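Listed here are the chains, written in short residue letters.
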Amino acid sequence: MVRALDDNPAAVLVILAIGAAASITAFMTIGANGQWGFVLPFRGTKVVAMVLVGFAIAVSTVLFQTITQNRILTPSIMGFDALYLLVQTSVVFFIGSSALVDVDPRFRFAAEVAIMLVFALLLYRFLFSGGLRGLHLLVLVGVVFGVLFRSLGNLMQRLIDPNEFAILQDRFFASFNRVDNDLLAISAILVLGVTAIGWRWRHRFDVLALGREVSISLGVDHQRAVTGVLILVTILVSVSTALVGPVTFFGLLVANLAYLMIPSHRHMLILPAAALLAVIALIGGQLVLERVFGLDTALSIIIEFIGGILFIVLLLRGAR
Amino acid sequence: MIIIDEVIKRYGADTIIDGLSLTLPAGGVTALIGPNGAGKSTLLSMIGRLLPFEAGTITVDGLDVTKAPGDRLAKCLAVLRQENHIVARLTVRELVGYGRYPHCKGRPTAEDRDHVDRALSYLDLTGLADRFLDQLSGGQRQRAFVAMVLAQDTDYLLLDEPLNNLDIKHAASMMGLLRRCADDLGRTVIVVLHDINFASWHADRIVALRDGRLVHQGPPEALIRPDTLAEIYDTPIEVRQIDGRQIALHYA
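Model, not experiment: these values are computed from the prediction.

A few points about the overall build of chain B
Tallying secondary structure elements over chain B gives 10 helices and 12 strands in all. Its C-alpha radius of gyration of 18 Å places chain B within 12% of the 18 Å reference for a compact globule of 252 residues. Based on the C-alpha atoms only, the size of chain B along its principal axes is roughly 50 × 40 × 30 Å. Considering chain B as a whole, with its 252 residues, one finds that 44% of them fall into the buried category.

Let's talk about the overall build of chain A
Tallying secondary structure elements over chain A gives 15 helices and zero strands in all. Summarising the internal contacts of chain A: among those between residues at least 6 apart in sequence, 79% fall at separations of at least 24.

What to know about the sheet that holds strand β7 (residues 156–160) of chain B
All names here are of chain B. Read from one edge to the other, the open sheet built from six strands follows the order β6-β7-β8-β3-β9-β10, with strand pairing classed as mixed. This sheet does not close on itself; its edge strands, each paired only once, are β6 (77–80) and β10 (213–218). Neighbour-to-neighbour, the strand axes of the sheet open up by a mean angle of 15°, direction not taken into account. Sheet analysis places strand β3 (residues 28–33) next to strand β8 (residues 188–192), joined by five bridges and oriented parallel. Bridge assignment links Leu32 to a residue of β8, and that residue is Val192. Taken strand by strand, helix α10 (residues 226–233) contacts β9 (205–210) and β10, and its axis lies near 155° from that of β10.

Some points on the pairing of β9(B)
Residues and elements named next belong to chain B. Most of β9 is tucked away, with five of its six residues classed as buried. Two elements, β3 and β9, share four bridges in a ladder whose sense is parallel. Of the residues in β9, the one forming a bridge with Ile33 is Ala208. Here five bridges tie β9 to β10, and the two strands are oriented antiparallel to one another. Across the sheet, residue Leu209 finds its bridge partner in β10, namely Leu214. The antiparallel hairpin formed by β9 and β10 contains two residues in its connecting segment, where Asp211 sits at a positive phi of about 50°.

A look at the pairing of strand β1 (residues 2–11) of chain B
Residues and elements named next belong to chain B. Note that β1 and strand β2 (residues 14–24) share eight bridges and pair antiparallel. For Ile2, the partnering residue across the bridge sits in β2 and is Leu24. In textbook terms, the turn of a hairpin is the stretch between consecutive antiparallel strands, and for β1 and β2 this stretch comprises two residues, one of which, Gly12, has a positive phi near 60°. Inspection of the sheet shows β1 paired to strand β4 (residues 55–60) by five bridges, in the antiparallel sense. Following the sheet pairing, Asp5 is matched in β4 by Thr57.

Observations concerning the interface of chain A and chain B
Each partner contributes to the interface: chain A provides 21 residues, whereas chain B provides 25 residues. The set of elements that each furnish at least two residues to the side of chain A that touches chain B consists of α10 (202–208) and α11 (212–217) of chain A. When residues in the side of chain A that touches chain B are grouped by element, the largest group, four residues, is from α11(A). Residues of the side of chain A that touches chain B, tallied by class, amount to nine nonpolar, eight polar and four charged.

Remarks on the packing of helix α5 (residues 110–122) of chain B against helix α6 (residues 138–151) of chain B
Residue and element names in this part refer to chain B. In contact at an axis separation of 9 Å, α5 and α6 are set at 140° when each is read in the N-to-C sense. Between α5 and α6, the interaxial angle falls into the category oblique. Handedness of the crossing formed by α5 with α6: right-handed. Contact with α5, carried on its side by His115, Val116, Ala119, Leu120 and Tyr122, involves Ala147, Leu150 and Ala151 of α6 and no other residues of that element. Of the residues contributing to the contact of α5 with α6, the split by class is seven nonpolar, one polar and no charged.

Details of the confidence of the model for chain B
Residues and elements named next belong to chain B. The predicted model of chain B has a mean per-residue pLDDT of 90, with 100% of residues at 70 or higher. Within chain B, no element has a lower average pLDDT than strand β12 (residues 245–249), which sits at 87, and none a higher one than β8, at 95. Our summary of model confidence lists the complex with pTM equal to 0.85 and ipTM equal to 0.89.

Some details on the nonpolar core
Membership of the largest hydrophobic core comes to 154 residues, with the highest contact counts inside it found for Ala58(A), Val254(A), Ala258(A), Ala274(A), Leu277(A), Ala278(A) and Ala147(B). Considering every element that reaches this core, the biggest residue donor is helix α3 (residues 36–68) of chain A, with 15 residues. Ala58(A) has contacts with Gly251(A), Val254(A), Ala255(A), Ala274(A), Ala275(A), Leu277(A) and Ala278(A), leaving out every residue within four places of it along the chain.

Conventions adopted
- Residues numbered from 1 in each chain as written.
- Chains lettered and ligands numbered in written order.
- Predicted model: local features only at pLDDT ≥ 70, side-chain atom pairs only at ≥ 80, totals over all residues.
- Helix = DSSP H or I, 4+ residues; strand = E, 2+ residues; numbered from the N terminus.
- Rg over C-alpha atoms; globule rule 2.2 N^0.38 Å.
- Buried ≥ 20, exposed ≤ 12 C-beta atoms within 10 Å, placed from the backbone.
- Contact = placed C-beta atoms within 7 Å.
- Pairing = 2+ DSSP bridges.
- Axes fitted to C-alpha atoms, helices over the stretch in contact; angles between N-to-C directions.
- Nonpolar A, V, L, I, M, F, W, Y, C, P; charged D, E, K, R; others polar.
- Parallel < 35°, antiparallel > 145°, perpendicular 65-115°, else oblique.
- Left-handed = near helix turned anticlockwise from the far one by under 90°.
- pLDDT = per-residue confidence, 0-100.
- Core = buried A, V, L, I, M, F, W, Y, C linked by C-beta atoms within 7 Å.

Here's what the structure looks like:
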């Protein structure tokens with residue numbers, strides 16, 4: 001059965017789609033012993049958020065790994081999550097926690113996306129002017145920036161009032177219980193826009209995965225294409241971090257699972273597979289969190305737990 | 001015709017190509033030779049627009065390689081570097097299929113599939129077409145990449161040491177294939193070679209570089225001679241006439 005699936009990526013996609021639909025249905029209905037009129041919208045919002053976040057993390061990780069030609073790097077390597085934490089810490093540090101709570105969340109979100117885009121644009125503008133080995137340098141600078149932002153954030157967190165730190169800390173851990181409804185609509189529009197562009201570029205992604213030299217020889221303007229992909233990745237990472245906070249280890253996991261299940265080089269197959277896997281893992285994880293552990297723990301812990309098991313499976317399969 | 005005009009390439013303070021001017025006529029097989037660090041691969045990469053350069057111009061059939069649109073150039077010249085590492089899991093046929101990307105942009109037609117099949121059989125890869133690249137030996141993978149640039153169906157083929165990793169049989173048949181590309185298909189083949197005897201045996205023209213400058217160019221008869229080789233490689237090299245071809249004895 002596994003052999004037969006290996007040769008048929010479309011069948012794998014159908015099975016994953018059924019799995020995603022099943023986990024959404026289970027999440028919406030299990031233990032719903034109240035008014036449907038309350039339960040469905042309440043849980044529906046969470047489902048939409050998780051689908052958006054799962055999609056954003058999966059697609060951004062796969063695309064990032066395509067342009068870096070490396071299956072261990074993730075956007076977090078470039079210091080995105082660290083920047084996100086630094087932005088929020090600075091706001092509390094300079095203005096006070098009231099800014100985080102009182103300001104219109106849509107405005108805050110737009111500002112966060114803008115800051116992250118500016119950061120990424122500055123970084124690669126500066127780096128790609130060098131031409132050769134741009135990406136390796138970019139990733140190295142990303143690591144250095146990540147450490148810088150993290151250290152700056154840590155410094156500010158030590159200096160602020162302990163009460164304010166408590167409010168801040170709450171935002172540092174991924175949780176789907178504090179998703180902001182106002183942000184969902186904007187996030188959905190951004191994700192749809194990115195998807196539309198990604199669909200048009202699907203064949204170009206495949207060529208980019210062959211590396212800089214081969215892409216150029218095949219007539220792809222490598223620098224511009226990589227810049228475009230980085231903008232898409234930045235927007236997706238901004239959406240997921242702004243919605244629920246940093247859950248970046250997760251991307252590595254679903255991306256590698258997708259490569260394993262879809263033995264193909266075509267992004268048209270890999271990207272949906274990774275996104276569906278992410279949706280299954282997030283919604284399944286949240287279901288277990290709410291029903292088994294009674295909300296006693298954070299989703300990121302569940303994800304790390306399931307992730308650890310799957311990572312061992314990956315290692316075992318690879319060793320065979 | 002490829003026209004290289006006053007090209008300068010520097011890495012930091014080091015000048016790799018030092019004001020090189022050279023014209024490579026269309027047709028035939030041209031071998032680029034020279035000692036390590038002469039700038040052969042750099043020159044090939046610059047013609048193939050893989051590397052930017054500081055000054056000068058390079059045109060291929062009148063197209064400026066630094067200014068012409070990438071997809072236009074991709075139908076005119078194909079370039080293959082020495083090291084090609086691919087992370088994605090690809091079969092040989094899929095890799096060769098990418099050679100058609102400049103023509104079909106990811107939507108292959110029957111004609112594109114014909115080109116792929118022909119390239120596969122040219123390189124003796126038909127039996128391996130459905131194997132994954134990571135299941136191949138270095139030499140088989142090398143041939144798969146050459147099949148890809150062949151399927152690209154361009155007038156100019158630029159290859160950086162295509163004989164790397166190849167055993168005697170496949171090295172000889174690779175040179176024979178490049179010869180046929182030039183003779184039967186009318187392509188212009190420009191190839192960096194380490195083994196000067198392959199150049200002597202198969203090339204129509206040899207271009208010798210040293211320290212980023214042109215030292216000699218001409219037909220093999222004019223270049224493969226003790227005095228010119230000594231000048232290019234800075235070491236005495238004996239040359240014998242065997243079956244009407246010059247063979248360098250550089251093993252002692």
